[in-house]
Amino acid sequence: MAGIRDYQVVVGEQLIEEIYELARQLKGCRVQHINSTLTGGGVAEILKRLVPMMEEAGLEVRWDVIKGDEEFFRVTKTFHNAFHGVPVQITPAMLDTYRRISRENYDLVDPRAGFVILHDQQPLGLAEIRPGHPGRWLWYCHIDPVDVDREVWDFLSPWARRCDAAIYHIQAYARNLGHRQYFMPPAIDPLADKNREVSSTEIAAVMERLGIPADLPLVVQISRFDRLKDPLGVIQAFRLVRQEVLCRLVLAGGGATDDPEGIQVLQEVRQAAAGDPDIFILELPPASDLEINVLQRVAAVVVQKSVREGFGLTVTEAMWKSRPVVASPVGGITVQIIDGETGLAAVTTEEMARAVVRILRDPSLAEKLGQNAREHVKKNFILPIYLKRWLEMLTAEQS
Ligand code: UPG
């Protein structure tokens, strides 16, 4: 695993020195991250690299996962959908389940932590015990809360208010909770297996193992099977593209232990693609970083047709690989895809199809978008920059 100094080749010496300088002031500080899954999905992806980097910087870091039963994760997935404006039905029994599992996890909180970071809404109920705890508590909202369902917000926000501050990916997500707010886009690790350079031999071996022929351009979406990633819409857009240009579609993704809807969505996707030899649906196991890296690299176009997106790390990953990306201009994608410069934005299925066709027919456009995309990520959404922002934020909170 790469160490902080190894990133000098990507971000230069000065940033690395700034990180060490900030780290000195935080040496020995105890930080506890609490989320709801170790694998699958963006939060686990971030913590997998952020935690060892913070440790290397001299902080004492713990990463804990709340324990819940299937019912609890059904409830929190409903809350997740409700954050994104999906109409949901909330029953008193669901709220009881949330309170009960939160209570059962109170012991998870490190009584000596200088900082307790609650990631998303699943562990937010732990903030009930904030008043008796000596550390500072931060609620890290990874999703777009702008259209959150009122009932769900009224239930959860008192716990968010108990925290000392909140972290959001972009300014547009600001909430009026009466405490400090930090805006900090997440980042990808350029040296991890998911994003590192890959040799042509490795690429060929992975593609053979996945059983995807290399004779036609590939349109690729990597995502958990989640309705908010609109995989059925991607299939529709692909079918329009194929009327114009010969190509294939790859929809690849796995599940996450905190997402009980994934299996059902995967079934719907399989049904929609049944009998179509040009559509490859890949169910990826958790340790598929190299496969994802390769699929993003071989893609002629990467698409991300999300209905909502807190940030969209799959977009960042593809951009880092200089791929032309077509994505819905929603949430955090709007700070990544600058339409016509770092990718193409497409609102409807038809627009997405047209944008994909445009790229497939114009290699110089593909090249330009890809190069700009990589530069944009390098300047803004790369791990050491993110680590520095974290250290700045913790320093500010400490003083
Ligand atoms: N991934 C896998 N395996 C899969 C599918 C995805 O490793 O089978 C990875 C993917 O490469 C990426 C991450 O998981 O690194 C997914 O992150 P993201 O595209 O950001 O989506 P979510 O899983 O939905 O993550 C949530 C928010 C998202 C935000 C992220 C981090 O929905 O908008 O960017 O948290 O804050």
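In short, a report on the structure. (Residues numbered from 1 in each chain as written. Predicted model: local features only at pLDDT ≥ 70, side-chain atom pairs only at ≥ 80, totals over all residues. Heavy atoms only, no water.)

1. Thoughts on the environment of Q264
Now for step 1: Positionally, Q264 belongs in helix α9 (residues 262–273).
Now for step 2: On the basis of relative accessibility, which here comes to 44%, the residue Q264 falls in the partly exposed class.
Now for step 3: For the pair Q264 and D96, spaced 168 residues apart in sequence, the C-alpha separation works out to 25 Å. (Helix = DSSP H or I, 4+ residues; strand = E, 2+ residues; numbered from the N terminus. Buried < 20%, exposed > 50% of the residue type's maximum accessible area, 1.4 Å probe, protein only.)

2. A short note on the sheet that holds strand β2 (residues 60–65)
Now for step 1: Taken in spatial order, the six strands make up an open sheet running β2-β1-β3-β4-β5-β6, and their pairing is parallel. Only two strands of the sheet have a single partner each, and these edge strands are β2 and β6 (180–183). Each strand axis lies, on average, 20° off the axis of its neighbour in the sheet, ignoring direction.
Now for step 2: By the bridge criterion, four bridges tie strand β4 (residues 136–141) to strand β5 (residues 165–168) in an arrangement that is parallel. Bridge pairing in β5 links W139 to A166. (Pairing = 2+ DSSP bridges. Axes fitted to C-alpha atoms, helices over the stretch in contact; angles between N-to-C directions.)

3. Quick look at unusual backbone geometry
Now for step 1: Non-glycine residue D120 carries a positive phi angle of around 65°.
Now for step 2: A positive phi angle is found at D230, which is not glycine, with a value near 45°.
Now for step 3: On the secondary structure map, D230 appears in the loop between β7 (218–222) and α8 (231–242).

4. Examining the packing of helix α7 (residues 200–210) against helix α10 (residues 289–298)
Now for step 1: At a closest axis distance of 10 Å, the pairing of α7 and α10 adopts a crossing angle of 105°. With respect to their mutual orientation, α7 and α10 come out roughly perpendicular. Residues E202, I203, V206, M207, R209 and L210 of α7 form the contact with α10, whose participating residues are L290, E291, V294, L295 and V298. (Parallel < 35°, antiparallel > 145°, perpendicular 65-115°, else oblique. Contact = heavy atoms within 4.5 Å.)

5. Some remarks on the site of the ligand
Now for step 1: Around the ligand, the surrounding shell holds 20 residues, and the nearest of these are H142, G254, E309, G310 and E317.
Now for step 2: Contact distances for the ligand include 2.5 Å between an oxygen atom and a backbone N or O atom of G254.
Now for step 3: Between an oxygen atom of the ligand and a side-chain N or O atom of E317, the distance comes to 2.4 Å.
Now for step 4: Contact with the protein chains hides 95% of the accessible area of the ligand, taken as 680 Å² for the molecule alone.
Now for step 5: Secondary structure elements with two or more residues in the shell around the ligand: α3 (42–56) and α11 (313–320).
Now for step 6: Per-element accounting of the shell around the ligand gives the leading share, four residues, to α3.
Now for step 7: Split into classes, the residues belonging to the shell around the ligand amount to five nonpolar, nine polar and six charged. (Near = heavy atom within 4 Å. Polar contact = N/O pair within 3.5 Å; in protein donor to acceptor, adjacent residues only side chain to side chain. Areas by Shrake-Rupley, 256 points an atom, 1.4 Å probe, with all protein chains shown as cover. Nonpolar A, V, L, I, M, F, W, Y, C, P; charged D, E, K, R; others polar.)

6. Considering the sheet that holds strand β8 (residues 248–253)
Working definition: the strands of a sheet are paired by backbone hydrogen bonds and lie parallel or antiparallel to each other.
Now for step 1: Pairing within the open sheet is parallel, and its six strands lie in the order β9-β8-β7-β10-β11-β12. Since the sheet does not close on itself, it has two edges, and those belong to β9 (279–283) and β12 (344–345), each with one partner.
Now for step 2: Pairing geometry for β8 and β9, over five bridges, is parallel. Its bridge partner lying in β9, G253 is registered against E283.
Now for step 3: Across the face of the sheet, helix α12 (residues 349–361) comes into contact with β7, β10 (301–304), β11 (325–327) and β12 while running at roughly 165° to β10.

7. Description of the nonpolar core
Now for step 1: Core analysis: the biggest nonpolar cluster contains 73 residues, and L59, V250, L295, Y386, W390 and L394 have the highest contact counts within it.
Now for step 2: Counting residues per element, this core draws most heavily on helix α14 (residues 383–398), at eight residues.
Now for step 3: If near-sequence neighbours (up to four positions away) are discounted, L295 is found in contact with M207, L210, I212, V220, I222, V250, A252 and L282.
Now for step 4: Counting 38 residues, the second largest nonpolar core, distinct from the first, contains V75, I101, V109 and I170. (Core = buried A, V, L, I, M, F, W, Y, C linked by side-chain atoms within 4.5 Å.)

8. Some words on empty space enclosed by the protein
If you roll a probe as big as a water molecule over the atoms, it shows you where there is empty space left.
Now for step 1: Summed over the entire model, instances satisfying the criterion amount to two cavities of 30 Å³ or more.
Now for step 2: Within this model, the largest cavity holds a volume of roughly 50 Å³.
Now for step 3: Around the largest cavity, the lining residues are V219, V234, A237, F238, V241, V303, M352, A353 and V356.
Now for step 4: Counting only elements with at least two residues in the lining of the largest cavity, the list comes to α8 and α12.
Now for step 5: Considering each element in turn, the lining of the largest cavity owes the most residues, four residues, to α8. (1 Å grid on protein atoms, 1.4 Å probe; cavity = no way out; pocket = protein on both sides within 12 Å on 5 of 7 lines; lining within 4 Å. Points joined across faces, edges and corners; volume = space filled by probe spheres on them.)

9. So, a negative patch on the surface
Now for step 1: A contiguous patch of negative charge on the surface is contributed by D339, E341, E350 and E351.
Now for step 2: Relative to the helices and strands, E351 is located in helix α12.
Now for step 3: According to the relative accessible area criterion, E351 is partly exposed, its value standing at 31%. (Patch = residues over 30% accessible without salt bridge, like charges linked within 9 Å, V, L, I, M, F, W, Y side chains within 5 Å. Salt bridge = Lys/Arg side-chain N within 4 Å of Asp/Glu carboxyl O. Lys, Arg positive; Asp, Glu negative; His and termini not counted. Charge placed at Lys NZ, Arg CZ, Asp CG, Glu CD.)

Read these as geometric descriptors, not functional statements.
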